[in-house]
Amino acid sequence: QVQLVESGGGLVQAGGSLRLSCAASARAFSGYAVAWFRQGPGKEREFVAAMRWSGGSAYYADSVKGRFTISRVIAENTMYLQMNSLKPEDTAVYYCAVGRSIISAIREQQMYYHWGQGTQVTVSS
């Protein structure tokens, strides 16, 4: 059974940075798409960023474009989300996910079938 273990969340002031990590228990990422989603207080879970594990283009929500960067290190079987210039509205539980590598649907939650447990990111003003 695939397990995704997230780390790196915490409390940061507006304008600060955090890096989230998501490690897989096995070669869970190979051949798939990997993504980050988030759910803010009182909000629906939303897409943040995604890419194919094999590489190529990355895809971002408009709200984070230019501030967040998704990446992966194949040898470590780990994906990352570098978050810069954080804003209070970025406060949320962040989830990593693994799913089908279909570019046209890479932003769709239903394409993902393995999820991390979530890590809290809180940005103070």
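Nothing here was measured: the structure is a model prediction, and the numbers come from that model. (Residues numbered from 1 in each chain as written. Predicted model: local features only at pLDDT ≥ 70, side-chain atom pairs only at ≥ 80, totals over all residues. Heavy atoms only, no water.)

Participant: Mind showing me how you'd approach the overall build of the protein here?
Facilitator: Within the protein, the secondary structure is distributed over zero helices and 11 strands. The order of α-helices and β-strands along the protein, N terminus first, is β-β-β-β-β-β-β-β-β-β-β. Relative to its length of 125 residues, the protein is compact, with a C-alpha radius of gyration of 13 Å against a globular reference of 14 Å. The principal-axis extent of the C-alpha atoms belonging to the protein is close to 40 × 25 × 25 Å. Within the protein, the proportion of its 125 residues that are buried is 46%. Total accessible area computed for the protein in this model is approximately 6300 Å², and 46% of it derives from carbon and sulfur atoms. Side-chain charges of the protein comprise 12 positive and 8 negative groups, with the mean position of each set lying 7 Å from the other. (Helix = DSSP H or I, 4+ residues; strand = E, 2+ residues; numbered from the N terminus. Rg over C-alpha atoms; globule rule 2.2 N^0.38 Å. Buried < 20%, exposed > 50% of the residue type's maximum accessible area, 1.4 Å probe, protein only. Areas by Shrake-Rupley, 256 points an atom, 1.4 Å probe, with all protein chains shown as cover. Lys, Arg positive; Asp, Glu negative; His and termini not counted. Charge placed at Lys NZ, Arg CZ, Asp CG, Glu CD.)

Participant: Looking at this model, I keep getting lost on the sheet that holds strand S3 (residues 18-24). Mind explaining?
Facilitator: Picture the strands of a sheet paired through backbone hydrogen bonds; they go either parallel or antiparallel. The strand order across the open sheet formed by four strands is S1-S3-S8-S7, and the pairing between neighbours is antiparallel. Two strands lie at the open edges of the sheet, namely strand S1 (4-7) and strand S7 (68-73), each paired on one side alone. When the angles between neighbouring strand axes are averaged without regard to direction, this sheet yields 15°. Two strands pair when backbone bridges link them, and S7 and strand S8 (residues 78-83) are joined in this way by six bridges, in the antiparallel orientation. From the neighbouring strand, arginine 72 faces S8, where its bridge partner is methionine 79. (Pairing = 2+ DSSP bridges. Axes fitted to C-alpha atoms, helices over the stretch in contact; angles between N-to-C directions.)

Participant: What exactly am I supposed to notice about the state of the cysteines here?
Facilitator: Covalent bonding between the sulfur atoms of two cysteines is what defines a disulfide. For the structure shown, the criterion picks out one disulfide. Here cysteine 22 pairs with cysteine 96 through a disulfide, and the sulfurs are 2.1 Å apart. Around the S-S axis, the bridge from cysteine 22 to cysteine 96 shows a dihedral of about 60° and counts as right-handed. With cysteine 22 in strand S3 and cysteine 96 in strand S9 (residues 92-99), the pair connects residues that are 74 residues apart, well separated along the chain. Exposure remark for cysteine 22: the relative accessible area of 0% places this residue in the buried category. (Disulfide = S-S within 2.5 Å.)

Participant: Any chance you could explain the packing of aromatic side chains here in plain terms?
Facilitator: One pair of aromatic rings is described through two measures. These are the centre distance and the angle between the planes. Within the structure shown, the criterion is met by five aromatic pairs. Ring plane angle 75° and centroid distance 5.8 Å describe the contact between phenylalanine 37 and phenylalanine 47, whose orientation is recorded as edge-to-face. Taken together, the positions of phenylalanine 37 in strand S4 (residues 33-39) and phenylalanine 47 in strand S5 (residues 46-52) put the pair 10 residues apart, joining distant regions of the chain. Consider the rings of phenylalanine 37 and tryptophan 115, whose centres lie 5.1 Å apart with planes at 50°: the pair is tilted. Of the two residues, phenylalanine 37 sits in strand S4 while tryptophan 115 sits in strand S10 (residues 112-115), which places them 78 residues apart along the sequence. For phenylalanine 37, a relative accessible area of 0% puts it in the buried group. Note on tryptophan 115: relative accessible area 25%, which makes it partly exposed. (Phe/Tyr/Trp six-rings, centres within 6.5 Å; stacked < 30°, edge-to-face > 60°.)

Participant: Where do I start with the side chain of asparagine 77 in this structure?
Facilitator: The topology assignment puts asparagine 77 in the loop between S7 and S8. With sequence-adjacent residues up to four places away left out, asparagine 77 is seen in contact with Cys22, Ala23, Ala24, Ala26, Arg27, Ala28, Phe29 and Trp53. (Contact = heavy atoms within 4.5 Å.)

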